[in-house]
Amino acid sequence: PVALLEAMAAALPIVATSHMGIAEVVEHDVSGLLCEEHDVVTMAAHMITLVDEPQRAASMGAKGRERVIAHHRLPDRIARLQAFLGTCAAQPSSLRP
């Protein structure tokens, strides 16, 4: 969910479904509000909540930005990928796919 990470980095609160990895990035009621897929009634209610409660929306946006900075910075992602690739490369070739 790259677009969600970008929105969180911009300190925007998220309203989304819990589809695939979204719930791993957006913490419900902390950095945004999540609902089940196809639940348009709850999604609309979440949007209205954030419009009606601007302080809550700002708090969620700030928490989302903090999460992105703490867990999703590009240098950190690159380092994790390099470590993973190093581990794979260190395996005997008979274990590689």
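Look a little higher up for the structure.
These numbers come from a predicted model, not from an experiment.

S.K.: Tell me about the nonpolar core, and please be specific about residues and values.
M.R.: If you look at the biggest cluster of nonpolar residues, it comprises 11 residues: Leu-4, Leu-5, Ala-7, Met-8, Ile-14, Ala-16, Ile-22, Val-25, Val-26, Leu-34 and Val-68. Take this core: its biggest share by element is 4 residues, from helix H1 (residues 2-9). Excluding residues that lie within four positions of it along the chain, Val-26 makes contacts with Leu-4, Met-8, Ile-14, Ser-31, Gly-32 and Leu-34.

S.K.: Explain the pattern of salt bridges to me, using residue names and the numbers behind them.
M.R.: Counted under the stated rule, the structure contains 3 salt bridges. Between Asp-29 and Arg-56 there is a salt bridge, with the nearest N and O atoms lying 2.4 Å from each other. Taken together, the residues Asp-29 in the loop between helix H2 (22-25) and strand S2 (32-35) and Arg-56 in helix H4 (residues 54-71) connect sequence positions 27 residues apart. Residue classification places Asp-29 among the partly exposed positions, given a relative accessible area of 43%. Classification of Arg-56 as partly exposed rests on a relative accessible area of 29%. When the shortest N-O distance is used, the salt bridge between Arg-73 and Asp-76 registers 3.4 Å. According to the relative accessible area criterion, Arg-73 is partly exposed, its value standing at 41%.

S.K.: Requested: an account of the environment of His-19, with residues and values cited.
M.R.: Considering the arrangement of structural elements, one finds His-19 in the loop between strand S1 (14-17) and H2. Among the residues examined, His-19 registers a relative accessible area of 34% and is labelled partly exposed. For His-19, the side chain forms a polar contact with the side chain of Glu-37, separated by 2.9 Å.

Conventions adopted
Residues numbered from 1 in each chain as written. Predicted model: local features only at pLDDT ≥ 70, side-chain atom pairs only at ≥ 80, totals over all residues. Heavy atoms only, no water. Core = buried A, V, L, I, M, F, W, Y, C linked by side-chain atoms within 4.5 Å. Buried < 20%, exposed > 50% of the residue type's maximum accessible area, 1.4 Å probe, protein only. Helix = DSSP H or I, 4+ residues; strand = E, 2+ residues; numbered from the N terminus. Contact = heavy atoms within 4.5 Å. Salt bridge = Lys/Arg side-chain N within 4 Å of Asp/Glu carboxyl O. Polar contact = N/O pair within 3.5 Å; in protein donor to acceptor, adjacent residues only side chain to side chain.

As far as function goes, none of this settles anything; it's purely spatial.
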